[in-house]
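Descriptive analysis of the structure
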Amino acid sequence: MAEPGRSHQPSARGRGRTERRTLRLLRLLLWVGTAFQVTQGAGPELHACKESEYHYEYTACDSTGSRWRVAVPHTPGLCTSLPDPIKGTECSFSCKAGEFLDMKDQSCKPCAEGRYSLGTGIRFDEWDELPHGFASLSTNMEIDDSTTESTENCTSSKWVPLGDYISSNTDECTATLMYAVNLKQSGTVNFEYYYPDSSIIFEFFVQNDQCQPNTDDSRWMKTTEKGWEFHSVELNRGNNVLYWRTTAFSVWSKGSKPVLVRNIAITGVAYTSECFPCKPGTYADKQGSSFCKLCPVNSYSNKGETSCHQCDPDKYSEKGSSSCKLRPACTDKDYFYTHTACDANGETQLMYKWAQPKICSEDLEGAVRLPASGVKTRCPPCNPGFFKTDNSTCKPCPYGSYSNGSDCSHCPAGTEPVVGFEYKWWNTLPTNMETTVLSGINFEYKGMAGWEVAGDHIYTAAGASDNDFMILTLVVPGFRVPQSVTADTENKEVARITFVFETICSVNCELYFMVGVNSKTNTPVETWKGPKGKQSYTYIIEENATMSFTWAFQRTTFHAIGRKYTSDVAKIYSINVTNVMDGVASYCRPCALEASDMGSSCTSCPAGHYIDRDSGTCHSCPPNTILKAHQPYGVQACTPCGPGTKSNKIHSLCYNDCTFSVSTPSRTFDYNFLALADTISLAGGPSFTSKGLKYFHHFTLSLCGNQGKKMSVCSDNVTDFRIPEGESSFSKSITAYVCQAVIIPPEMTGYKAGVSSQPVSLADRLIGVTTDLTLDGITAPAELFHPESLGIPDVIFFYSTCSDGTCDGCTFHFLWESVAACPLCSAADYHAIVSSCVAGIQKTTYVWREPKRCMSGISLPEQRVTICKTIDFWLKVGISAGTCTAILLTVLTCYFWKKNQKLEYKYSRLVMNATLKDCDLPAADSCAIMEGEDVEDDLIFTSKKSLFGKIKSFTSKRTPDGFDSVPLKTSSGGPDMDL
């Protein structure tokens, strides 16, 4: 290694002092030589210095860019007669890679075998400890340094050397790896890095003499897709400080994967006066090497070797090893089984293979032998949509046909093929799938298969070590999206992938499922830890692009010599992807028919239309129903919307238009939530991690309206700080009715904007709006609502993120109290107040009932004014009416009393005459009018009656000739006679 201290140069402002120091250094050397000569006579005689007793160095460069070469003894005072200083090479002089500067004759010479040189550079490829000149710092993101507790929590959060590379921290502290270097000329810094986790911010930048960072976009590192990636940055002449900085933002239980850095090389530093020996495990077999090669498998090398040495037969080594290890005895964990491809006879054979690289020995005591190959069996059928050729290989059926794995058949008239990929037989790996192994030690990909076919399933093979990642990748070029799905801007389901899997583990294994879009970084979407029974998982694809689906299985995170957990495997039984471009079909479905000159052909129904199976025609779904896009057959495919919702125009979703009505026994409540239609954001109280980092759970809600469009957006901007402020572009965002993200405020991070990470959708589908506490199996706890609701029902919006009836069991409850949630005002919410009659005028005023429990709606009626009479007037009228009534009753009483006296007189006369015999005629009365009699004939009653009875008889018994008819009884008791 070159000594960085020799290459450091002073800054420009100190060059004058440097020139003066150079002259003083020359005078000092001459004075030392003179002093030695003066004291020779007094002390022992010094011998002339041999070449092995001194070395050459350059003085610091002066303002003209020149320097001197001087000889410096290894031990001062040991010898004398050093060579005189001579003018050195120009300060900008350098040698090529693979060469070094011979200071004796100041010329470049090639490195010897077993050694290498970068010319004007230095390389750091050994990380057993932190190399000289590097510094690892750790700080808490919180700018306020008033508390020291959080800073102490970050003391151990540093970059850690791990042999071949250096690893970053994985917590919310900020860890910085720093190196300062002075360049004699413009140069570069390059390194390899492994950056798999986007929840960590990884930045690399350089500061110059004025402590100003470079403005290169390379400051923000991009996550790696496949193992290690190379990164290079140009450096300016002068002082440069290199920074590798990481900060993790995974505040939940999920742990982040660290950033790894190795092979740091810097060019443009001072001259290299020597070549460096190759480190153990590498070699250089030629002169003038600029790097050392790795030793192959089962070989090793020591430091500065020109070739590698083969290990003994009973030992083994991995690539780039510095020593060999004893081979263990072979066990049943060192081999695996697979199936051969079908031969011409349609037969396959079970084969056993040693796991590569083979490190075990079959000759040791107790070692197992590789089992014999199995007998040949009939090949499984081809996968659906494929047919078997004459040489027993499987080929896809042409478009317009389908198969169950044997022969292709054309789709019947009125049907169309359902294209996709359905893999359930695993005799060979499909052409659009590939498998490999990612080392869990150095994170390099190995040229070996990580998954093996096994007839009815595919399983993980044995890796080089138990902590290797067994990788399986499926690539889909694109999707055939139905027209109805294209017209639906809210339902983003383009296709779906479903797979059936199982994990068998004795330790804490992990199975990752990752998705990549357009060759971008794979994003983990689901992780299963430990043993899992046979189950199915479905992922909704929301973008029509080239997609890659990756399964990665790791048996354990700990590395140990040998293979202990080979029997821990992951199995995939079937993979089904729908709507695949250039896919195959396993069946045909009825389609809508379109008439043409060539006959009927299949066509797509408009959005919101179902297909009638009998006629093949398209029919619109009934109002307030939504259509199942993947099974649009029959009216039963149109499912009704939930309460309080209605369907959009294309029948793709149900939404609430911000209105709601509910009836109670007493009245009907109408609601209008338009004031709540815009998105609203809210945050819970602050939370703190174990390191003292403050963060918030941030929620975004869009309640109703907008034709059902999801308006809430939660983003992940951890890796997007390089985007200028004001631009809205995010590496990952989620759109939903309700979503959640973790927010770290800017005062905690030191960046211009806060950090938003880990977005999660909480509501993708509106189930219904109701006042009931339970809907579709979701219950709102009654204790969340105030008991003093004053008779106004609480309105509950029920949402769901479940797909196909599967939920994760997590329910969020939001209680939104707002005046805008009050019912609309109606006539039942006010009453009338009538004033007294003043000066013939009466006023009626309408006021709201207190407390007022409504908003908007109808307005209060205007005040009503009417003409009225005062109380004095009505009192006079009442007295007058009462007086008249009393007089009338008095007159009538007197009149009837007098009348009654007359009737009694006549009655007595008639009684006297009635005593005569029936045959006798009564004697003639006198025709004269007696004194006291009236001229008019009076009614004579033959029986006693009440006053009102007499009056009735008087009015009803008068004959047409003007006489009264009075019933009389004969003395003998015969029938009555009318007179």
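The structure displayed is predicted, hence computed values, not measured ones. (Residues numbered from 1 in each chain as written. Predicted model: local features only at pLDDT ≥ 70, side-chain atom pairs only at ≥ 80, totals over all residues. Heavy atoms only, no water.)

Some words on the sheet that holds strand 15 (residues 238–248)
- Pairing in this open sheet of four strands is antiparallel, and the strands run 8-11-15-13 from one edge to the other. Two strands close off the open sheet at either side, each with one partner strand: strand 8 (134–139) and strand 13 (200–207). Put simply, the sheet's adjacent strands are angled 15° from each other on average, direction ignored. (Pairing = 2+ DSSP bridges. Helix = DSSP H or I, 4+ residues; strand = E, 2+ residues; numbered from the N terminus. Axes fitted to C-alpha atoms, helices over the stretch in contact; angles between N-to-C directions.)

A few points about the nonpolar core
- Core analysis: the largest hydrophobic core is formed by 39 residues, its most contacted members being Trp451, Leu474, Phe513, Phe549, Trp551 and Ile575.
- If you look at the next biggest cluster of nonpolar residues, it comprises 30 residues, including Phe124, Val206, Val259 and Val261. (Core = buried A, V, L, I, M, F, W, Y, C linked by side-chain atoms within 4.5 Å. Buried < 20%, exposed > 50% of the residue type's maximum accessible area, 1.4 Å probe, protein only.)

Structural notes on the environment of Ala677
- Relative to the helices and strands, Ala677 resides in the loop between strand 53 (668–672) and strand 54 (680–683).
- For Ala677, a relative accessible area of 11% gives the class buried.
- For the pair Ala677 and Leu701, spaced 24 residues apart in sequence, the C-alpha separation works out to 9.4 Å.
- Those residues in contact with Ala677 that lie beyond four places of it in its chain are Cys658, Cys704 and Asn706. (Contact = heavy atoms within 4.5 Å.)

Re the sheet that holds strand 1 (residues 54–58)
- Across the sheet, which stays open at both edges, the three strands sit in the order 1-2-3 with antiparallel pairing between neighbours. Both edges of this open sheet fall to strand 1 and strand 3 (86–87), since each of them pairs with a single strand only.
- Examined bridge by bridge, strand 1 and strand 2 (residues 68–73) share five bridges and lie antiparallel to one another. Counted as the bridge partner of Tyr54 is Pro73 from strand 2.

A word on the packing of aromatic side chains
- Applying the stated criterion to the full structure yields 43 aromatic pairs.
- For the pair Tyr337 and Tyr459, a centre-to-centre distance of 4.7 Å together with 20° between the ring planes defines the contact as stacked. One end of the pair, Tyr337, is in strand 24 (residues 335–339); the other, Tyr459, is in strand 35 (residues 458–460), with 122 residues separating them in the sequence.
- Aromatic pair Tyr671 and Phe673: ring centres 5.7 Å apart, planes at 25°, arrangement stacked.
- In this structure an aromatic cluster arises from ring pairing among Phe124, Trp127, Phe134, Trp159, Tyr179, Phe191, Tyr193, Tyr195, Phe202, Phe204 and Trp244.
- Just above the ring of Tyr56 sits the side chain of Arg69; from NZ or CZ to the centre is 3.8 Å. (Phe/Tyr/Trp six-rings, centres within 6.5 Å; stacked < 30°, edge-to-face > 60°. Lys NZ or Arg CZ within 6 Å of the ring centre and 35° of its normal.)

Looking at the state of the cysteines
- Evaluated as defined, the whole model comprises 19 disulfides.
- Residue Cys330 pairs covalently with Cys360 via a disulfide, S to S 2.1 Å. A torsion of 85° about the S-S bond marks the disulfide between Cys330 and Cys360 as right-handed. A residue pair is termed long-range when its members are at least 10 positions apart, and Cys330 in the loop between strand 23 (325–326) and strand 24 and Cys360 in the loop between strand 25 (347–354) and strand 26 (376–378) qualify at 30 residues.
- For Cys360, a relative accessible area of 4% gives the class buried.
- Between the sulfur of Cys411 and that of Cys588 lies a disulfide, 1.8 Å long from S to S. Given an S-S torsion of about -60°, the disulfide between Cys411 and Cys588 has left-handed geometry. Taken together, the positions of Cys411 in the loop between strand 30 (409–410) and strand 31 (415–423) and Cys588 in strand 43 (residues 584–590) put the pair 177 residues apart, joining distant regions of the chain. (Disulfide = S-S within 2.5 Å.)

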